[in-house]
Amino acid sequence: MQQESMIYEQAANLVMDYPNNHTVKFETPTDEIVSLLNDFKEKFAPEVLKSLSDDELLGYIFLTADGNNDSLCYHLEFNPKLKRTFGSISGGSSFKFGLFQRQEDGKWTTGAPKTPQVLSEAEALQFGKTIRDNLVNACEMIQSRALDSVEAYEKLDDDLNALMGKFATYAWVQKYFHMIFPDQFIGWYVTDWLKHILFGFGINPSEKYYGMNGQLTLIKKRTSYMSPHFQDICYAMFGEIRHFYRLGSSDDSEHYAEKWKEKGIVAIGWKETGDLLNYIKNGTLDRDKVAESLSTHYYQSDKKTASRKAGEIKSFYETSSSSVITVMDGSQLIAFVDGLSPYFYDANENMAHQKSGVWHSSFDESDRLPEDEGYLTTCYEIKKPENLLFLYRKYYWSNGSEDSSATADEYIPIRFNTGYQSSFERNRILFGAPGTGKSYTINKEAKELIGENNEDDYERVTFHPDYAYAHFVGTYKPVPSKDSQGNDTITYAYVPGPFMRVYVKALKNSRNANVRPFLLIIEEINRANVAAVFGDIFQLLDRGDDEVSEYPIQTSEDIKAYLARELGGRPEDYTKIRIPDNMFIWATMNSADQGVFPMDTAFKRRWDFTYLGIDDSDEKIRGKYVYLADDKSQKVEWNKLRKAINHFLAKEKINEDKQLGPYFISRNIVVPSEGDEIDRERFIRVFKNKVIMYLFEDAARQKRAKLFEGGFQNSTRYSEICREFDMKGIGIFNHDIQLETEPEEPQWTPPNEEN
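Residues numbered from 1 in each chain as written. Predicted model: local features only at pLDDT ≥ 70, side-chain atom pairs only at ≥ 80, totals over all residues. Heavy atoms only, no water.

### Observations concerning the overall build of the protein chain
For the protein chain, the count of helices and strands is 28 helices and 24 strands. For 755 residues, the compact-globule formula gives about 27 Å, and the C-alpha radius of gyration of the protein chain, at 35 Å, lies well above that figure. Counting only C-alpha atoms, the protein chain reaches 105 × 70 × 60 Å along its principal axes. Within the protein chain, contacts between residues separated by at least 24 positions form 70% of all contacts whose residues are at least 6 apart in sequence. Just so you have it, the protein chain exposes about 35300 Å², and 47% of that area is on carbon and sulfur atoms. Across the protein chain, the 90 positively charged side chains and the 117 negatively charged ones have centroids separated by 2 Å. (Helix = DSSP H or I, 4+ residues; strand = E, 2+ residues; numbered from the N terminus. Rg over C-alpha atoms; globule rule 2.2 N^0.38 Å. Contact = heavy atoms within 4.5 Å. Areas by Shrake-Rupley, 256 points an atom, 1.4 Å probe, with all protein chains shown as cover. Lys, Arg positive; Asp, Glu negative; His and termini not counted. Charge placed at Lys NZ, Arg CZ, Asp CG, Glu CD.)

So, in structure tokens, the structure goes:
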């Protein structure tokens, strides 16, 4: 008993000390907690339930078809304040209450979803009274007990199950007990949560629900906190539920751990199966399909082994951000790896199935798991309590040996100057007239920089007049989340923008031996107020000879905290930041757009500008033609037509940035997949909706009469110009345009067909 008391005293001291050194957000103020408990007890205390008449009982306690929002069961599941403060019991169906009235037909129902049992009113009342009586009797039992030890709580578990049967295991009953006796229980109603927190404190969980709940309550009783605040602190200390996996790191030919650590990854073999994404079925990895592939490539005469190994591959694939990989070589413990990325396949490696992660060396050389578990498997979830106690202690509380690399609380230095070499400029803007291929060029060169089909190492954003610093860099925003009891809630968190997301990826990669580039693409950069969007980041664009920001900037408290969470260490480690040499920022700009924001000289000076001329990339559209006019009598080259229009605009003193680039009409239309003939219907539709509209509304707005002089007299009506184009083709334009386009007579007689 004395040893047990000491364990809970130590845990309580950790809880009391934690808020002194860390920021803990308490979801509900103490006075509100007290008020909510008092209101609940006034309405649903055992003596109130005991006094209910037969006419009142069912509607007062259970969910009814009329949508009564004031019953006991309704408040326990749906009351938002109770849910936020005292834990969630959401999920599943109404069968979890043991008795409810179906909405579709008003029938009282019990049983299970697959085996429902409909009750008459009399039967429902009798069953409801039994549930009520058991609930009241259970409260009297709890009231009479001195719950001051784990044994007392385990005895309570036995007695409640004997009294109430399966109802003692129902979450709504457990929550009711918690709210009636807030000093005697904790507001976690899922055993995985109870085990997670207990393992975190180094306490071996009881095998019984009320035993585990009691273990945490014994800690809480030694603090000054009410249950909701106690749970907020525990959540801050240990976070989400953790699942620990053993991962073997060697095969007959090689030990891989050091290599993985350098690259910041973990991996498994069976390369010949190919990319596991090819085995996804209904959103999950199809174990049977993987087993078939293993049988084909590795275990031709051993389907049992193939199936078992497929299970290990599936375990690796399904590890997530809440998983902790324990890298082992036989029985030797090497490192923890967390912060796991989504799965990816590297065909160049024997261990081809991979995930990125953060390595933490928390083990001493002599460390071993207390019990043998999973040694003959590649990836295996560790389940034995003694092993989990050991791993939790090492993961949350150990600093490892003196010569170990960074632990979870240590700062792993980042490098702004990685030495990454590239022929591409770091900050560049491609600009030119509409349709000159700015986006096409930037996409093509992005593939050269970061590789084909690389969706992870770049982001694309399009600026617009309402775009702001908060969108681009990041800001605090309300976000949906889960509180410490698993409730759905709204909280405020720093939400990074595309700049900060790419920035963090580049910095994480800077720690690896294999440095690679990361790219942020900004489309239409001048459609936003760039000085306001970039804010102080503007200063970082000034790069030195080493392609690192020449001048650092001071970071806000929000950004410091975010970088510490993402990169490790303390917020103070990120007081000043620079853009690393492996981060590229490329943008497109179309100065012909209306309503754009001007760029000042200081901003422009920090970019390399690449101008795409109006005819620089027209080689692929030369000779591509389309038949126009209602009788298809005009064989017109798109390239000649746009150049003729551009020549007219130039003579009218309209700037080049207002003229038509080769791909003002989409490349997939004006560059046919086969031959030189452009699809007539698609071309005419887009020409009217895009080219004529642009000329009419923007580029030639003041020159409509002269530009469209070949059409009918009233050239101020867009719809009439389009109608004339269907009939006359290029005949709607100025005479000089028609001559310069050089339409050919068809070498064939067009069939007499309707258009």
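Still more to cover.
### Considerations on the side chain of Arg 606
One can find Arg 606 in the loop between helix H22 (601-605) and strand E22 (608-612). Classification of Arg 606 by relative accessible area gives buried; the value is 10%. Those residues within four positions of Arg 606 in sequence are excluded, and the remaining contacts are Asn 427, Phe 538, Gln 539, Leu 541 and Asp 542. (Buried < 20%, exposed > 50% of the residue type's maximum accessible area, 1.4 Å probe, protein only.)

### Here's the deal with empty space enclosed by the protein
The rolling of a water-molecule-sized probe over the atoms marks out the regions of remaining empty space. Tallied over the entire structure, the rule returns two cavities of 30 Å³ or more. Taken together, Tyr 256, Lys 259, Trp 260, Lys 263, Ile 265, Ala 267, Glu 349, Met 351 and Gln 354 make up the full set of residues lining the largest cavity. Counting residues per element, the ones that place at least two in the lining of the largest cavity are helix H13 (257-263) and strand E5 (265-268). No other element matches H13, which puts three residues into the lining of the largest cavity. Of the residues belonging to the lining of the largest cavity, the class tally is five nonpolar, one polar and three charged. (1 Å grid on protein atoms, 1.4 Å probe; cavity = no way out; pocket = protein on both sides within 12 Å on 5 of 7 lines; lining within 4 Å. Points joined across faces, edges and corners; volume = space filled by probe spheres on them. Nonpolar A, V, L, I, M, F, W, Y, C, P; charged D, E, K, R; others polar.)

### Description of the environment of Glu 709
Structurally, the position occupied by Glu 709 is in the loop between helix H26 (704-707) and helix H27 (718-728). Separated by 22 residues in sequence, Glu 709 and Gly 731 have C-alpha atoms that sit 8.9 Å apart. Side-chain polar atoms of Glu 709 contact the side chain of Asn 734, separated by 3.3 Å. (Polar contact = N/O pair within 3.5 Å; in protein donor to acceptor, adjacent residues only side chain to side chain.)

### Things to note about the nonpolar core
One finds Leu 72, Trp 172, Tyr 176, Phe 177, Phe 201 and Ile 219 to be the most contacted residues of the largest nonpolar core, which totals 95 residues. If you tally residues by element for this core, the top one is helix H7 (residues 121-144), at nine residues. If we skip the residues at most four places from it in the chain, Ile 219 touches Tyr 8, Ala 11, Ala 12, Val 15, Phe 201, Ile 203 and Phe 230. Grouped together as the second largest cluster of nonpolar side chains are 44 residues, Phe 416, Ala 506, Ile 522 and Ile 559 included. (Core = buried A, V, L, I, M, F, W, Y, C linked by side-chain atoms within 4.5 Å.)

### Considering the layout of surface pockets
Taken as a whole, the second largest pocket holds about 500 Å³ of empty space. The wall of the second largest pocket is formed by 21 residues, among which Ser 250, Asp 251, Trp 270, Met 351 and Thr 378 lie closest to the centre. For the lining of the second largest pocket, the secondary structure elements donating two or more residues are strand E4 (243-248) and strand E8 (323-329). Here the lining of the second largest pocket is composed, by residue class, of seven nonpolar, eight polar and six charged.

### Some details on the sheet that holds strand E14 (residues 427-432)
With parallel pairing, the five strands of this open sheet are ordered in space as E15-E18-E21-E14-E22. The sheet terminates laterally at strand E15 (458-462) and E22, the two strands that pair on one side only. Looking at each pair of strands side by side, their axes are set apart by 15° on average, direction ignored. Strand direction decides the pairing type here: E15 and strand E18 (residues 518-523), joined by five bridges, are parallel. Considered in E18, the bridge of Arg 460 is made with Ile 521. In the packing of helix H17 (residues 438-450) onto the sheet, the strands contacted are E14, E15, E18, strand E21 (583-589) and E22, and the crossing angle to E21 comes to about 165°. (Pairing = 2+ DSSP bridges. Axes fitted to C-alpha atoms, helices over the stretch in contact; angles between N-to-C directions.)

### Here's the deal with unusual backbone geometry
Across residues other than glycine, the phi torsion is negative in most instances, and most of the peptide bonds are trans. With a phi close to 55°, Glu 524 is a non-glycine residue in the positive phi region. With respect to the helices and strands, Glu 524 occurs in the loop between E18 and helix H20 (530-534). Looking at Glu 524, the relative accessible area reads 25%, which means it is partly exposed. Here the phi dihedral of Lys 632 falls at roughly 55°; this positive angle occurs in a residue that is not glycine. By secondary structure assignment, the location of Lys 632 is in the loop between strand E23 (625-628) and strand E24 (634-637). Residue Lys 632 is classed as buried on the basis of its relative accessible area, which comes to 14%.

### Topic: the packing of aromatic side chains
The full count for this structure, using the stated rule, is 57 aromatic pairs. Summarising the aromatic geometry, the rings of Phe 696 and Tyr 718 are spaced 5.8 Å apart at their centres and angled 55° between planes, so their arrangement reads as tilted. One end of the pair, Phe 696, is in helix H25 (residues 680-699); the other, Tyr 718, is in helix H27, with 22 residues separating them in the sequence. Through a chain of ring-to-ring contacts, three or more aromatic side chains come together here, namely Phe 199, Phe 201, Phe 238, Phe 244, Phe 336, Phe 363, Tyr 392, Tyr 395, Tyr 396 and Trp 397. Above the ring of Tyr 440, the side-chain terminus of Arg 667 is found at 3.4 Å from the ring centroid. (Phe/Tyr/Trp six-rings, centres within 6.5 Å; stacked < 30°, edge-to-face > 60°. Lys NZ or Arg CZ within 6 Å of the ring centre and 35° of its normal.)

### Things to note about the sheet that holds strand E10 (residues 344-345)
With antiparallel pairing, the three strands of this open sheet are ordered in space as E5-E11-E10. In the strand order of this sheet, the two ends are held by E5 and E10, each with one partner. In terms of strand pairing, E10 meets strand E11 (residues 353-356) through two bridges, oriented antiparallel. By the bridge assignment for E11, Phe 344 is matched with Gln 354. Across the sheet, helix H15 (residues 303-318) touches E5 and E11, and the angle it forms with E11 is around 25°.

### Digging into the pairing of E23
On E23, burial covers both faces: Tyr 625 and Tyr 627 on one face and Val 626 and Leu 628 on the other are all buried. Examined bridge by bridge, E23 and E24 share four bridges and lie antiparallel to one another. Paired with Val 626 across the strands is Val 636, a residue of E24.

### Notes on the environment of Trp 193
Looking at the element boundaries, Trp 193 is found in helix H10 (residues 191-200). Residue classification places Trp 193 among the buried residues on the basis of a relative accessible area of 9%. Spatially, the C-alpha atoms of Trp 193 and Ala 152 are 21 Å apart, while their sequence positions differ by 41 residues.

### Section: helix H23 (residues 638-651)
Note that an α-helix has 3.6 residues per turn; residues three or four places apart therefore point the same way. With 14 residues, H23 extends 20 Å from end C-alpha to end C-alpha; this agrees with the ideal 20 Å at 1.5 Å per step. Here H23 has its buried residues at Trp 638, Asn 639, Leu 641, Arg 642, Ala 644, Ile 645, Asn 646, Phe 648 and Leu 649. Summarising the contacts, the buried residues of H23 are in contact with E24, helix H24 (667-670), H25, H26 and helix H28 (735-741). Just downstream of H23, Lys 653 is the residue with a positive phi angle, here 65°. (Expected span 1.5 Å × (residues − 1).)

### Some details on the packing of H7 against helix H8 (residues 150-164)
Relative placement of two packed helices is described by the angle separating their axes and the distance separating the axes. Running from N to C, H7 and H8 cross one another at 160°; their axes reach a closest spacing of 10 Å. Comparing their axes, H8 and H7 come out roughly antiparallel. Seen from above, H7 lies across H8 with right-handed handedness. Contact with H7, carried on its side by Asn 134, Leu 135, Asn 137, Ala 138, Met 141 and Ile 142, involves Leu 156, Asp 159, Leu 160, Leu 163 and Met 164 of H8 and no other residues of that element. Of the residues contributing to the contact of H7 with H8, the split by class is eight nonpolar, two polar and one charged. (Parallel < 35°, antiparallel > 145°, perpendicular 65-115°, else oblique. Left-handed = near helix turned anticlockwise from the far one by under 90°.)

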